[in-house]
Amino acid sequence: MKKIQQYLIQIKKLLDYTFFRLLVFVVLGVVLFTSMYGNVKPEKLDISLLTVADKTIRSPATVEDKISTEKKRQEALDQVQDVYALKKEYSTNQVDLITSIFDSASEVNDDIEDETKKQDVLDEDPINVMEPTVEEEVTMLKDKLTDRVIKDLSERVFTALVQASNDELSIAKDLTVTAINNVMNKRISADDVENAKKSLEEELKFTTLNSDLKNAAIELGRYAVIQNEFYDPEATEELRKQAAESVEPVKILQGQIIIEEGKLIRQEEFRQLELVGLLDNKQSYKPFIGLMILISIILTSVYFYFYQLKDHPEKRQTNLLLFGIVFILTFFILKIISMLQIFNYSGIGYLFPAAMGGMLIKILIDEKLAILSSIIFSIFGSILFNEGVSGTLNFSVGIYILFSALAGVLFLSGQNQRSKILQAGSLAAAVNLFTIWALMFLPNGQFTGLEYGYYILTAIFSGIGSAVLTMGLLPLLETSFGILSTMKLIELSNPNHPLLRKILMEAPGTYHHSVMVANLADAASEAIGANGLLARVGCYYHDIGKTKRPNFFIENQMHLDNPHDRLPPDKSANIIISHVTDGSAILKKYNMPKEIIHIAEQHHGTTLLKFFYHKALQGEENVNQEDYRYPGPKPQTKESAIVGIADSVEAAVRSLNQPTPETIESLVKKIVADRLQDGQLNECDLTLKELETVSHSLCETLKGIFHSRIEYPEMTKKVVQG
């Protein structure tokens with residue numbers, strides 16, 4: 001039943017944290033949207049046609065001018081000429097036709113000759129051999145030709161062909177075919193057919209053929225010459241398509257000047273202004289939807305970061321609230337500086353202390369979140385500083401803010417980060433300067449010496465200003481959220497602090513022990529990258545509970561009798577164990593930071609008081625081991641674990657008569673191994689590699705403290721007689 005109640009309490013805490021987390025992000029979203037609403041709101045102009053422009057107007061976006069594009073495309077189509085294809089096969093066909101006519105005439109001659117030879121064989125009297133008449137020969141020739149050829153050619157052609165010998169026909173054929181081929185190899189359109197025929201006629205006119213055969217050859221040639229060039233609709237359409245596709249869309253580019261100041265707004269300029277949306281009286285919601293989507297993406301990434309954190313809900317809630325305050329504060333400064341754009345100062349965005357937000361978040365929360373925030377601030381900065389630039393985003397300012405913020409985060413290294421804030425700001429100023437120069441030189445810009453000086457001052461102001469603001473805001477935020485700052489730790493380490501004076505006066509041995517443990521823990525913590533200063537100050541106060549009964553602890557007995565010799569082991573164990581709870585109560589009474597209280601509560605964990613436990617076992621058998629263990633809890637942080645190990649190591653080494661480097665190293669390893677086997681380090685995030693580093697650091701420090709000394713011989717005192 002008790003476990004169920006604990007689970008219900010945890011669920012309630014998670015639900016409370018979830019609601020709080022959603023509330024913070026809703027507030028952030030509303031603040032961001034309302035702040036950047038005016039920067040994405042489309043500009044509207046109150047101008048009329050045929051009026052004079054009172055300022056130079058540029059296009060806010062890249063828009064295709066479809067009317068101009070279509071006009072340009074139509075001009076390209078009008079320039080495309082029709083495609084005519086040359087039918088080369090027509091020349092071959094016509095040559096074959098004329099050749100077949102001449103061959104048919106030759107065949108008629110061969111047939112007549114063959115028939116004559118047959119009659120000569122049958123009838124020896126040549127007078128009786130009957131030769132065919134011309135009309136009969138013409139008839140024989142027509143029988144070998146098609147009706148179309150017979151119809152298209154005149155009788156004199158057939159008569160001339162049958163009256164010519166085969167040799168004459170061969171010569172005539174060659175001349176005619178050559179002439180036809182010469183003419184038909186050239187393009188002959190419908191309008192050029194008659195000219196082509198005349199060209200062929202001129203070519204055959206001066207041949208050596210007899211008059212009748214020449215005329216027949218000319219008529220056959222003219223008959224053969226026909227049109228061989230025809231309109232190709234598919235090729236023409238393809239050419240028109242290519243011409244249309246080759247036309248690039250006419251675009252009004254972002255930043256392009258549509259109308260210059262003092263110029264008359266004509267119909268074309270007025271149409272372009274309307275096209276880019278500067279004359280549209282209807283409210284467009286696209287920019288606002290885009291802004292909402294952008295803010296949602298950014299806040300979702302931050303939400304996911306906090307969602308995957310494994311810290312305690314209370315710590316996550318504190319970190320989330322702290323992030324929200326730093327984020328809004330940084331954005332507020334960003335917004336205020338962006339409002340100075342009304343003065344038309346070039347590069348006003350470079351004044352923004354971009355590194356401030358990232359450094360604060362890194363110091364107070366986490367480096368990964370600081371890098372993510374730097375990217376977010378650069379995006380929002382590019383939107384807020386878009387005055388006087390074409391489009392919604394000012395990429396120059398965005399890049400500048402990104403590099404400056406990342407420089408501040410990356411250069412702010414080391415555990416004692418506060419002491420390096422000014423150094424990080426100076427290095428960020430140098431990065432700012434180089435970034436500005438890069439942005440000025442890339443477009444080959446021309447600037448005056450005064451402008452260069454102005455940009456140098458803005459870069460330095462941004463970097464140094466980031467450091468100054470960070471150092472100024474850090475104590476306020478640390479105090480407000482109860483964050484243990486370096487300055488607070490230094491204040492607590494002052495020997496004049498009431499509690500430290502209490503330890504020194506009431507338990508001087510404990511005071512000396514605490515200082516020794518502090519030296520060990522500080523060096524070991526720094527060796528693994530933990531907070532050495534926190535470990536040191538925690539050591540100063542970790543045994544404050546011993547001031548309640550100082551004489552019951554061996555370091556304060558000063559050669560006095562040990563009161564535990566007169567007490568049963570269980571009473572002695574209770575007194576020793578109570579110094580943890582007593583110390584926690586004293587620290588809470590003095591409103592000490594929770595980190596110091598946790599170290600005091602956790603430095604012994606739940607370890608066993610072996611001396612009194614074994615002493616109890618000697619007197620009775622049934623001894624409950626839990627009665628001889630510290631109440632805990634076990635160390636939750638690296639610093640608490642290191643303080644506990646250093647505390648045990650210092651006490652153990654101090655008990656040795658003549659500690660040597662070998663015995664010290666063996667003792668340290670044994671104590672660390674015992675802590676591991678007992679599970680005392682299970683709840684902190686110390687790794688085995690870090691434990692090895694801690695052990696090495698403890699050994700080195702102890703060797704320096706308990707180094708060998710030269711034993712000086714006693715000198716005999718001599719009394720000098722005067």
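Reading guide: rules and limits
- Residues numbered from 1 in each chain as written.
- Predicted model: local features only at pLDDT ≥ 70, side-chain atom pairs only at ≥ 80, totals over all residues.
- Heavy atoms only, no water.
- pLDDT = per-residue confidence, 0-100.
- Contact = heavy atoms within 4.5 Å.
- Axes fitted to C-alpha atoms, helices over the stretch in contact; angles between N-to-C directions.
- Helix = DSSP H or I, 4+ residues; strand = E, 2+ residues; numbered from the N terminus.
- Parallel < 35°, antiparallel > 145°, perpendicular 65-115°, else oblique.
- Left-handed = near helix turned anticlockwise from the far one by under 90°.
- Nonpolar A, V, L, I, M, F, W, Y, C, P; charged D, E, K, R; others polar.
- Core = buried A, V, L, I, M, F, W, Y, C linked by side-chain atoms within 4.5 Å.
- Buried < 20%, exposed > 50% of the residue type's maximum accessible area, 1.4 Å probe, protein only.
- Lys, Arg positive; Asp, Glu negative; His and termini not counted.
- Salt bridge = Lys/Arg side-chain N within 4 Å of Asp/Glu carboxyl O.
- Polar contact = N/O pair within 3.5 Å; in protein donor to acceptor, adjacent residues only side chain to side chain.

K.L.:
Is there a simple way to think about the confidence of the model for the chain in this case?
P.N.:
Caution applies to low-pLDDT regions: their predicted coordinates should not be interpreted in detail. Across the chain, the average pLDDT comes to 84, with 89% of residues at 70 or higher. Low pLDDT, under 50, characterises residues 1-9; the predicted model gives this stretch zero contacts beyond four residues in sequence or across chains. Predicted confidence for residues 714-722 stays below pLDDT 50, and this span has zero contacts to residues more than four positions away or in other chains.

K.L.:
What is the right way to look at the packing of helix 21 (residues 508-528) against helix 28 (residues 688-705) in this model?
P.N.:
One way to put it is that helix 21 packs onto helix 28 with a least axis distance of 9 Å and a crossing angle of 140 degrees. By the angle between their axes, helix 21 is oblique relative to helix 28. When you trace helix 21 past helix 28, the crossing you get is right-handed. Mapping the contact onto sequence places M516, N519, L520, A523, A524, A527 and I528 in helix 21 and E690, T693, V694, S697, L698, T701, L702 and I705 in helix 28. Considered class by class, the residues forming the contact of helix 21 with helix 28 number ten nonpolar, four polar and one charged.

K.L.:
Can you walk me through the nonpolar core in this structure?
P.N.:
As a rule of thumb, nonpolar side chains are buried together in soluble globular proteins. Core analysis: the biggest nonpolar cluster contains 64 residues, and M36, F306 and F380 have the highest contact counts within it. Going through the elements one at a time, helix 1 (2-40), helix 12 (286-307), helix 13 (313-338), helix 14 (354-364), helix 15 (367-384), helix 16 (395-411), helix 17 (421-441) and helix 18 (449-480) are the ones with two or more residues in this core. The element best represented in this core is helix 13, accounting for nine residues. In this structure F380 touches L32, M36, I295, I298, F327, F331 and L334, once residues within four positions along its chain are discounted.

K.L.:
Sorry, what's going on with the side chain of D647 here?
P.N.:
If you trace the backbone, D647 turns up in helix 26 (residues 638-654). Buried and unpaired, D647 has K546 as its nearest opposite-charge partner, separated by 5.6 Å. A polar contact of 2.6 Å, which involves the side chain of D647, links it to the side chain of H513. Within the structure, the side chain of D647 is placed 3.3 Å from the side chain of H542, a separation counted as a polar contact. Ignoring anything within four residues of it in the chain, the contact list for D647 reads H513, V517, H542, D543, H603 and H604.

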